[in-house]
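For reference, the chains in residue letters:
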Protein chains: 2
Amino acid sequence: MTGRAEAAYAVLRQVRPLHQHAARVVAEDLRGERLTLGSRAILERLLDVGPQTVPELAVWLSVSRQAVQRVVDEAAGLGFLEVRPNPRHRRSHLIAATDRGRRVFDDVHRRELAALEEVAADLGTDELAACARVLAELNGALRERLDGT
Amino acid sequence: MTGRAEAAYAVLRQVRPLHQHAARVVAEDLRGERLTLGSRAILERLLDVGPQTVPELAVWLSVSRQAVQRVVDEAAGLGFLEVRPNPRHRRSHLIAATDRGRRVFDDVHRRELAALEEVAADLGTDELAACARVLAELNGALRERLDGT
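Report on the accompanying structure. (Residues numbered from 1 in each chain as written. Chains lettered and ligands numbered in written order. Predicted model: local features only at pLDDT ≥ 70, side-chain atom pairs only at ≥ 80, totals over all residues. Heavy atoms only, no water.)

The subject of this paragraph is the environment of Leu-35 of chain B. Residues and elements named next belong to chain B. Examined against the element boundaries, Leu-35 turns out to sit in the loop between helix H1 (3-30) and helix H2 (37-49). In sequence terms Leu-35 and Phe-80 are 45 residues apart; their C-alpha atoms lie 8.8 Å from each other. Residues contacting Leu-35, with those up to four places away along its chain left out, are Leu-30, Arg-40, Leu-43, Phe-80, Val-104 and Val-108. (Helix = DSSP H or I, 4+ residues; strand = E, 2+ residues; numbered from the N terminus. Contact = heavy atoms within 4.5 Å.)

Okay, here's the thing in structure tokens:
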């Protein structure tokens, strides 16, 4: 077996604990906020790409439509999101971030970046950026492989 | 906000989908095997560090002792693991991989590495190794931060 496969496996072995640790750090930062891990993820996606339908959000997050709908209902009730008519599908509404949602997300994300500044203090910007590129490439290749099966 | 925090965030944004994709690829590879994602993870840990107690495995995997116990019982029933007396704690037995467990893990892992060889074909061994080091550093720093809260 080549070194490349072993090196790729060494990357993947870090991913599960990193995912769990990062989620715990974000969740602790959200304590006392009305934003949850789920509504935070949906808000971020809507702010990145604009309004989306519930099925689109479900595919993006790899969770069920029902799970997305529950989070959307709650976040809409808090005024972070709003439901709009969809010009292309009469029955599939568009979910959009509100100005209030954007302000809440920006506040939370500013604190996350301040925490990351400390967490990553011993790492260089260049090596972090290179690592993100490698992960994006692996992600794309794995997704392609899954789509092909 | 500095570029370092943004770059660290770019890494973390890849982690959740990468975790999900990698788990799906491993799970598909295990179809038809009697090894599950859970027993595969426990076998790997035991083969890496030697016999462990159920509570030790639960901490390592960040799951409940009950969840580990269920997987251990099932994998022991299949002859992949065995339960041994613990010389240090009369009531907390040690879980150990059997020769059969090692053979099954090695088979599965050989196929995983062959798949990764294709998935990572466009990446260099050095950049993969550098990425794994960056992730390990982030993991350690996040864990320290969590232990401190």
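Moving on, we come to the pattern of salt bridges. Scanning the model with the defined rule gives 20 salt bridges over all chains in all. Close ionic contact of Arg-4 of chain A with Glu-117 of chain B constitutes a salt bridge, the shortest N to O distance being 2.9 Å. Within this pair, whereas Arg-4 of chain A is found in helix H1 (residues 3-30), its partner Glu-117 of chain B is found in helix H5 (residues 99-119), the two belonging to separate chains. Since its relative accessible area comes to 22%, Arg-4 of chain A is described here as partly exposed. Two residues, Glu-33 of chain A and Arg-111 of chain A, come together in a salt bridge whose shortest N-O distance is 3.1 Å. (Salt bridge = Lys/Arg side-chain N within 4 Å of Asp/Glu carboxyl O. Buried < 20%, exposed > 50% of the residue type's maximum accessible area, 1.4 Å probe, protein only.)

Residues and elements named next belong to chain B. Look at H1: 41 Å from first C-alpha to last across 28 residues, which is about the 40 Å you get at 1.5 Å a residue. Along H1, the sharpest kink reaches roughly 25 degrees, centred on Arg-16 and followed within four residues by the proline Pro-17. A positive backbone phi angle near 90 degrees is found at Gly-32, which sits one or two residues after H1. (Expected span 1.5 Å × (residues − 1). Bend = angle between axes of the 7 residues up to and from the residue.)

With an RMSD of 0.0 Å, chain B superimposes on chain A once it is rotated by 180 degrees and translated 0.0 Å along the axis. The superposition operator between the copies reduces to a two-fold rotation axis. Of the C-alpha atoms belonging to chain B, the one lying closest to the rotation axis is found on Cys-131 of chain B, 2.3 Å away. Taken together, the interface assignments show that 100% of the residues at the interface of chain B recur at the interface of chain A, consistent with an identical surface on both copies. (Least-squares fit on C-alpha atoms with pLDDT ≥ 70 in both.)

Another aspect to go through is the interface of chain B and chain A. Each side of the interface is counted separately: chain B has 63 residues, and chain A has 63 residues. Here chain B meets chain A over a buried area of about 6300 Å², counting both sides, of which 67% is carbon and sulfur. Considering only the surface of chain B that becomes buried against chain A, Arg-4, Leu-18 and Leu-146 of chain B emerge as the three largest contributors, covering 11% of it. At the junction of chain B with chain A, the criterion picks out eight salt bridges. Where Glu-44 of chain B meets Arg-13 of chain A, a salt bridge forms, and the shortest distance between an N and an O atom there is 3.7 Å. Across the contact surface, chain B and chain A share 24 residue pairs in polar contact (both at pLDDT 80 or more). Of all elements in the fold, only H1, H2, H5 and helix H6 (125-147) of chain B reach the threshold of two or more residues within the side of chain B that touches chain A. When its residues are assigned to classes, the side of chain B that touches chain A shows 34 nonpolar, 11 polar and 18 charged. (Buried area = accessible area lost by both parts, 1.4 Å probe. Polar contact = N/O pair within 3.5 Å; in protein donor to acceptor, adjacent residues only side chain to side chain. Nonpolar A, V, L, I, M, F, W, Y, C, P; charged D, E, K, R; others polar.)

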